[in-house]
Amino acid sequence: MEAIRIHEFGEPGVMKLETCADLQVGGGQILVDIRAAGVNPVDTYIRAGTYAMKPDLPFTPGMDGAGTVAAVGDETAHVSVGDRVYLAGTLTGSYASHALCSASQVQPLPDNVSFKQGAGVYIPYATAWRGLFQRAEGRSGETVLVHGASGGVGIAAVQLARAAGMTVIGTAGSEQGAALVAEQGAHYVVNHHDAGYTEQIMDLTGGLGVDVIMEMLANVNLDKDLNMLAYGGRVVVIGNRGVIEINPRDAMARDASILGMVLLLASPEDLAAIHAGLHAGLENGTLNPVVGTEFPLADAAGGHVAVMEPGAYGKIVLIP
Ligand code: NAP
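Residues numbered from 1 in each chain as written. Predicted model: local features only at pLDDT ≥ 70, side-chain atom pairs only at ≥ 80, totals over all residues. Heavy atoms only, no water.

**Q** Looking at this structure, how should I read the pairing of strand S3 (residues 29–39)?
**A** Successive residues of a regular strand alternate their side chains across the two faces of the sheet. Within S3, nine of the eleven residues are buried, leaving the element largely enclosed by the surrounding structure. Summarising the sheet, S3 and strand S6 (residues 98–102) pair through five bridges and their orientation is antiparallel. Note on S6: the bridge partner recorded for Asp33 is His98. With eight bridges joining them, S3 and strand S4 (residues 64–72) adopt antiparallel strand pairing. By the bridge assignment for S4, Leu31 is matched with Ala71. The pairing of S3 with strand S15 (residues 315–319) spans three bridges and is classified as antiparallel. Bridge assignment links Val39 to a residue of S15, and that residue is Ile316. (Buried < 20%, exposed > 50% of the residue type's maximum accessible area, 1.4 Å probe, protein only. Helix = DSSP H or I, 4+ residues; strand = E, 2+ residues; numbered from the N terminus. Pairing = 2+ DSSP bridges.)

Quick look at the structure:
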């Protein structure tokens, strides 16, 4: 088998494609033949060695992927050899031709969803679901601002919120990204680099503010967010890359809540609920992952450079 291996933390170039011994499925494990792997910003933090979770070296990166079941080491497993699946994490890393998973890390992929799309399901859609429904408790009829809607989590949040009957305002930083966000179901799109874009958002809500904010860059936006919330509003901190000063009075004055979240802290019960909801949405077509750019697995470094550049446009996937 082939896999990207990281022998030292550092720049994208530390990722090298290597030929490795074939993986053998153990008790309770599933072996997946990977057809596409998803690149997430968190993969870059782990590769650089700056993330809270530091794997032992050497390791194969990647949590997202999709493919077919190649072997099953658990007679009670819910999947069989040949089944199409998406990965919800792996034991051995998804940037590879094959990966070992625990049974709960393998989820059925409906036939109408391609492997490339399946590689963009777990982290983006499960994060969006958890933020929108389990943390913010977003409800139909409410207004949500997806602050950073053109990337993986943002597009998922737009599709989920639209299907749930919410009014959706999405932001993007490029024209191409803005067009994509509108195509994916946002009722309104604004550019988060425009001067005065927060006033545009307030105008769109008749001056009342939004009920929920899904925040992809809290260190830049949290202060502005608090001032765009309606009474009882909730902002979910999904992405954050630094520190910011806020005035707590802005939260106080509207009975607002700031909710943190990390998908990897979700309980098994919450994750099971999330996957059930995602399966239904993928099957009925309301959830439709957008593949932006493809790289060959050997150029995982190119994927890591691209995912950190401005002008996000859907998911970046690696093809083994
Ligand atoms: P992505 O695909 O790279 O998308 C990044 C998004 O942020 C794009 O829509 C980008 O828009 C937008 N953005 C850039 N500058 C912004 C600004 N000033 N204000 C608002 N948005 C801005 O990344 P992703 O996979 O969607 O993840 C988004 C963030 O959430 C990342 O920081 C990631 O690490 C984090 N995350 C956290 C969890 C968790 O469990 N908490 C899970 C998944 C992801 P333009 O490029 O168009 O400007």
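Past the structure itself, the notes keep going.
**Q** Sorry if this is basic, but what is going on with the domain arrangement of the protein chain here?
**A** By convention, interface size is frequently given as the accessible area that disappears when the constituent parts associate. Each assigned domain of the protein chain is listed with its residue range as follows: domain 1 (2–120 + 289–319) and domain 2 (123–264). If you average the C-alpha positions of domain 1 and of domain 2, the two centres end up 28 Å apart. At the junction of the two partners, domain 1 supplies 15 residues and domain 2 supplies 16 residues. With both sides pooled, the region where domain 1 packs onto domain 2 buries about 1200 Å², and carbon together with sulfur makes up 63% of that total. Three residues stand out in domain 1 for area buried against domain 2, namely Val290, Ala312 and Tyr313, and they jointly supply 35% of the buried area on that side. Our count for the domain 1 to domain 2 interface comes out at zero salt bridges. On the surface where domain 1 and domain 2 come into contact, there are three residue pairs in polar contact (both at pLDDT 80 or more). The residue makeup of the side of domain 1 that touches domain 2, split by class, is nine nonpolar, four polar and two charged. (Domains from an automatic or database assignment. Contact = heavy atoms within 4.5 Å. Buried area = accessible area lost by both parts, 1.4 Å probe. Salt bridge = Lys/Arg side-chain N within 4 Å of Asp/Glu carboxyl O. Polar contact = N/O pair within 3.5 Å; in protein donor to acceptor, adjacent residues only side chain to side chain. Nonpolar A, V, L, I, M, F, W, Y, C, P; charged D, E, K, R; others polar.)

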